[in-house]
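Descriptive analysis of the structure
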Amino acid sequence: MPFDPRQAVSILMAQTFVLRMRRELSGPIEQPLWPPGVVLRTLSAKPEKKLAQAAHAVLEAGFWEGGGGAPIFRQWWKAVSRDDEFDPALVFFAMEGGNVIGMAQCWTSSFIKDLAVHHAARRRGLGRALMLATFHTFAQRGSTHVDLKVREENAAAQALYHSLGMRIVSRDAG
Ligand SMILES: CC(C)(COP(=O)(O)OP(=O)(O)OC[C@H]1O[C@@H](n2cnc3c(N)ncnc32)[C@H](O)[C@@H]1OP(=O)(O)O)[C@@H](O)C(=O)NCCC(=O)NCCS
């Protein structure tokens, strides 16, 4: 088929949407179930750069699949750690054999900013366990709900969020 520049322009300009999803925290919350050998930890008060770098590597790889683009580590870490809503206790790591295989980074406003699981560690329940860990943390902090944003075309992440009782509260051009 001959190349049609008008078609290329319309593909490039295709509108994308971002969904805001919410989980209410008033009812009972399932306990996270970690696969054998996997442990949860969070950043300490004086954040360890090596751990943050490993988390960024998982995030960076996952980001392209999630439909976004991740900034390089230095930019990412500067933006995250200097944000008013940053709390090292809200950076969650799934660790196996000393390696970061999954991460979730949240803001103090009960918002899950990023979630990613290493490609080789998918479908073992890590995404679910990380999400549940964030729900418990925010419930303990007195939050009534937890929110996140997900690209409309990211069906895998949405399947996970729906299975965790999250519902769509808004859909915005993004
Ligand atoms: C989304 C993501 C975090 C899921 O992590 P995971 O550890 O593989 O998820 P889990 O094993 O906990 O999956 C739990 C459930 O979520 C759903 N799910 C997860 N991945 C899915 C997929 N690719 N397709 C369909 N459903 C999926 C299923 O219901 C699954 O349960 P099941 O395995 O018993 O069928 C992971 O795919 C990822 O890192 N993706 C790239 C980054 C990204 O998109 N992040 C989210 C941005 S908002």
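A quick note: this is a predicted structure, and the numbers were derived from the prediction, not measured.

With that settled, the discussion passes to the pairing of strand 3 (residues 91-96). One ladder, built from five bridges, connects strand 2 (residues 38-42) with strand 3; its direction is antiparallel. Opposite Leu40, over in strand 3, you have Ala94 as the bridge partner. Pairing geometry for strand 3 and strand 4 (residues 99-107), over six bridges, is antiparallel. Bridging from a neighbouring strand, Met95 pairs with Val100 of strand 4.

In this section: the sheet that holds strand 2. Reading across from one edge, 2-3-4-5-6-1-7 is the order of the seven strands in this open sheet, with mixed pairing throughout. Each edge of the sheet is formed by a strand with only one pairing partner; in this case those strands are strand 2 and strand 7 (167-173). Across the sheet, the axes of successive neighbouring strands diverge by a mean angle of 25°, strand direction being ignored.

With that out of the way, let us pick up unusual backbone geometry. Residues other than glycine seldom take positive phi values, yet Ser110 does so here, at roughly 60°. Mapped onto the elements of the fold, Ser110 is located in the loop between strand 4 and strand 5 (111-117). Backbone geometry places Arg123, a non-glycine residue, at a positive phi of 60°. Along the chain, the position of Arg123 falls in the loop between strand 5 and helix 4 (126-140).

Looking along a regular strand, one sees the side chains alternate between the two faces of the sheet. Counting buried positions along strand 4 gives seven out of nine residues, so the element sits mostly inside the fold. The hairpin formed by strand 3 and strand 4 contains two residues between the paired strands, and Gly97 there has a positive phi angle of roughly 55°. Alignment of strand 4 against strand 5, held across six bridges, turns out to be antiparallel. Bridge pairing in strand 5 places Ala104 opposite Leu115. Linking strand 4 to strand 5, which pair antiparallel, is a turn of three residues; within it Ser110 sits at a positive phi near 60°.

Rules and cut-offs
- Residues numbered from 1 in each chain as written.
- Predicted model: local features only at pLDDT ≥ 70, side-chain atom pairs only at ≥ 80, totals over all residues.
- Pairing = 2+ DSSP bridges.
- Helix = DSSP H or I, 4+ residues; strand = E, 2+ residues; numbered from the N terminus.
- Axes fitted to C-alpha atoms, helices over the stretch in contact; angles between N-to-C directions.
- Buried ≥ 20, exposed ≤ 12 C-beta atoms within 10 Å, placed from the backbone.

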